[in-house]
Amino acid sequence: MPKRVDSAAVRVEVSQHQIPEAGADLLVAGLHRGEELPAGLAGAAGADDAGGAFKKLALLHPERPGRALVVGLGKRDEMDAERARVAAALAAKEAGRLEAESLAWALPVSDDDAATAAGLVTGTILAAYRFDRFRGRDPDDPPPPPIESLTLLAPDGVAAAAETARVCAAAQNRARDLQNLPSNVATPSHLAGRAEEIAAADDAVSVEVLGREEIAARKMGGLVAVSQGTEEEPKLIVLRYAGGGSGPTLGLVGKGVTFDTGGISLKSSASMHEMKMDMSGAAAVLEAVAAIAELGLAVDLVAVVPATENMPSGTAIKPGDVITQYNGKTVEVNNTDAEGRLILADALTYAVELGAERIVDLATLTGAVLIALGSTYAALISNDDELAAEVEKAAETTGELAWRLPLHPEYKELTKGTVADLTNAAAKRKAGTIYAGSFLEEFVGETPWAHVDIAGTAWDAGREYTGKDASGYGVRLLVELARGLADRGPSAASDSH
Ligand code: BES
Ligand code: MN
Ligand code: ZN
């Protein structure tokens with residue numbers, strides 16, 4: 001059974017060599033519109049094709065190192081980390097076509113060398129990702145060789161940013177592996193196994209996993225209800241990271257529905273197979289914890305992942321059934337396909353109980369978010385302006401965009417039950433994404449909390465560096481948030497980035 005991840009490990013180096021000495025299979029340089037090619041490339045065969053329009057590629061044949069790719073970056077004043085990620089992804093794909101295994105990127109000029117370097121690393125590693133462990137090898141049509149190394153021709157000062165970016169992008173690729181794995185492999189037990197691996201790799205990380213009986217004994221009624229229809233054992237996974245932070249303990253919660261059929265409120269079959277990725281929030285949270293620990297950030301984390309299948313069966317929860325959540329509130333389950341909020345409700349309460357002082361949850365929660373925001377922005381819903389602003393800022397930095405939607409007492413009215421405190425789905429599907437957020441808010445008390453609905457961004461995002469499949473959305477965002485918290489502690493003075 002495949003267990004460990006198989007995403008290509010790209011070596012990243014920073015070197016002060018000049019272009020002719022780069023010594024890689026393929027040299028890559030960016031070109032801003034209307035500017036000159038760097039010395040060593042100007043005048044090379046093919047140079048006239050490189051105009052600098054954003055995303056335009058031109059292959060040059062300078063005397064040394066032999067082959068060079070020029071990637072258009074557009075106007076200089078529009079240059080940012082996102083353009084670096086996109087440019088690097090285009091170059092990585094071209095490298096595959098050219099069967100180049102080592103790349104050297106001459107750092108383009110920008111206002112922020114570290115951010116540009118990080119973007120190049122991120123874009124290269126994410127674009128090099130493939131999920132082919134279940135595919136046979138066709139000797140007549142071998143896949144392009146993996147990219148083995150990326151050398152940044154850049155000042156040494158960008159080395160720390162490049163290394164952080166490497167760790168984060170590798171973690172994001174591991175999250176994509178978890179997303180892509182089919183539900184008969186990526187079960188709740190598999191996710192728990194991955195959490196145990198993460199804890200085993202670092203002394204500062206500890207893990208605790210509750211199984212079906214312990215979940216029932218603790219009266220986590222939401223997770224009990226959703227998992228009662230499947231024979232696959234549910235798991236409530238808790239990872240803690242003690243990084244010696246001086247700020248508030250950050251709680252991370254990720255929806256871990258390893259397959260969502262909808263239950264008795266069965267989904268139509270057309271795209272049901274995509275629901276193997278209904279654990280994308282869990283994947284992002286687990287691998288973000290791994291990355292934060294690997295980076296040794298000075299923060300304290302408690303991550304809670306409720307993991308289960310949602311299946312129809314003779315033991316499954318039925319529409320109209322009333323359950324009692326972990327915090328004592330009762331819920332009429334009017335639609336068994338609105339299962340995510342039921343398991344998250346218990347996980348949020350548990351995270352607060354375990355000491356989370358501010359919480360961010362990631363969940364593929366509503367189809368409605370696809371209608372509202374497509375795959376460009378995730379929806380952000382929060383009871384705390386400060387935390388919401390931090391999430392928006394981190395999202396802007398990493399390119400995992402998030403747009404805030406409002407909470408309002410009128411939405412709260414929609415979530416009231418007819419025979420119980422709450423209902424998990426309203427008769428009219430008004431404001432589906434906000435409804436779900438309003439429901440979750442009932443389970444965090446006064447704790448600052450931000451909910452990120454990633455149903456539109458977790459796959460099919462279509463960015464150059466993530467493609468159409470699993471995107472790993474949220475891993476870099478969560479690490480960036482944690483970096484923001486870590487910077488506030490007293491250790492910030494000794495932190496070089
Ligand atoms: N996992 C789905 C949401 C989803 C839909 C994710 C499409 C990714 C792509 C969630 O459990 C769900 O089924 N939500 C329902 C809620 C409704 C019944 C109130 C939905 O959005 O239709
Ligand atoms: Mn569902
Ligand atoms: Zn779901």
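Residues numbered from 1 in each chain as written. Chains lettered and ligands numbered in written order. Predicted model: local features only at pLDDT ≥ 70, side-chain atom pairs only at ≥ 80, totals over all residues. Heavy atoms only, no water.

Participant: When you look at the domain arrangement of the chain in this model, what are you seeing that I'm missing?
Facilitator: Size of an interface, as often reported, equals the accessible area lost when the parts are brought together. We note that the domain assignment places domain 1 (11-168) and domain 2 (181-485) within the chain. Of note, the centres of domain 1 and domain 2, computed from C-alpha atoms alone, are 36 Å apart. If you look at the interface, domain 1 gives 18 residues, while domain 2 gives 16 residues. Roughly 1,400 Å² is buried in total at the junction of domain 1 and domain 2, and carbon and sulfur atoms are behind 64% of that figure. The largest share of the area that domain 1 buries against domain 2 comes from R85, V167 and C168, three residues that together contribute 35% of it. With its nearest N and O atoms 3.8 Å apart, the salt bridge here joins R463 to E82. Taken together, the links from domain 1 to domain 2 amount to four residue pairs in polar contact (both at pLDDT 80 or more). (Domains from an automatic or database assignment. Contact = heavy atoms within 4.5 Å. Buried area = accessible area lost by both parts, 1.4 Å probe. Salt bridge = Lys/Arg side-chain N within 4 Å of Asp/Glu carboxyl O. Polar contact = N/O pair within 3.5 Å; in protein donor to acceptor, adjacent residues only side chain to side chain.)

Participant: Would you mind going over the coordination of the manganese ion (ligand 2) with me for this structure?
Facilitator: Where a metal carries four tetrahedral donors, each ideal angle is 109.5 degrees; where it carries six octahedral donors, the ideal angles are 90 or 180 degrees. For the manganese ion (ligand 2), the full set of protein donor atoms is D260 (OD), D337 (O), D337 (OD) and E339 (OE), at a range of 2.1 to 2.2 Å. In this structure, the manganese ion (ligand 2) is surrounded by six donor atoms whose angles at the metal cover 72 to 169°, and the resulting shape is irregular. Separating the manganese ion (ligand 2) and the zinc ion (ligand 3) is a distance of 3.2 Å, and D260 donates to both of them. Of this pair, D260 sits in strand β10 (residues 256-260) while D337 sits in the loop between β13 (330-333) and α8 (340-353); the two residues are 77 residues apart in sequence, bridging distant segments of the chain. Among the residues examined, D337 registers a relative accessible area of 23% and is labelled partly exposed. (Donors = N, O, S within 2.8 Å, 3.2 Å for Na, K, Ca; no water. Tetrahedral: all angles 85-135°; square planar, octahedral: opposite > 155°, others 65-115°. Helix = DSSP H or I, 4+ residues; strand = E, 2+ residues; numbered from the N terminus. Buried < 20%, exposed > 50% of the residue type's maximum accessible area, 1.4 Å probe, protein only.)

Participant: Even after reading the chapter, I still don't get the site of ligand 1, so can you show me in this structure?
Facilitator: Neighbouring residues of ligand 1: 18 residues in total, closest K267, D278, D337, E339 and G367. The side chain of D278 places a nitrogen or oxygen atom 2.9 Å from a nitrogen atom of ligand 1. Between ligand 1 and D337, the relevant distance is 2.8 Å, taken from an oxygen atom to a side-chain nitrogen or oxygen of the residue. Computed on the free molecule, ligand 1 has an accessible area of 510 Å², of which 85% lies beneath the protein chains in the complex. (Near = heavy atom within 4 Å. Areas by Shrake-Rupley, 256 points an atom, 1.4 Å probe, with all protein chains shown as cover.)

Participant: Explanation requested: the coordination of the zinc ion (ligand 3) in the structure shown.
Facilitator: Taken together, the protein ligands of the zinc ion (ligand 3) are K255 (NZ), D260 (OD), D278 (OD) and E339 (OE), with distances of 2.0 to 2.4 Å. Each of the six donor atoms bound to the zinc ion (ligand 3) contributes to angles spanning 78 to 174°, and the resulting shape is octahedral. When its relative accessible area of 1% is taken as the criterion, D278 is described as buried.

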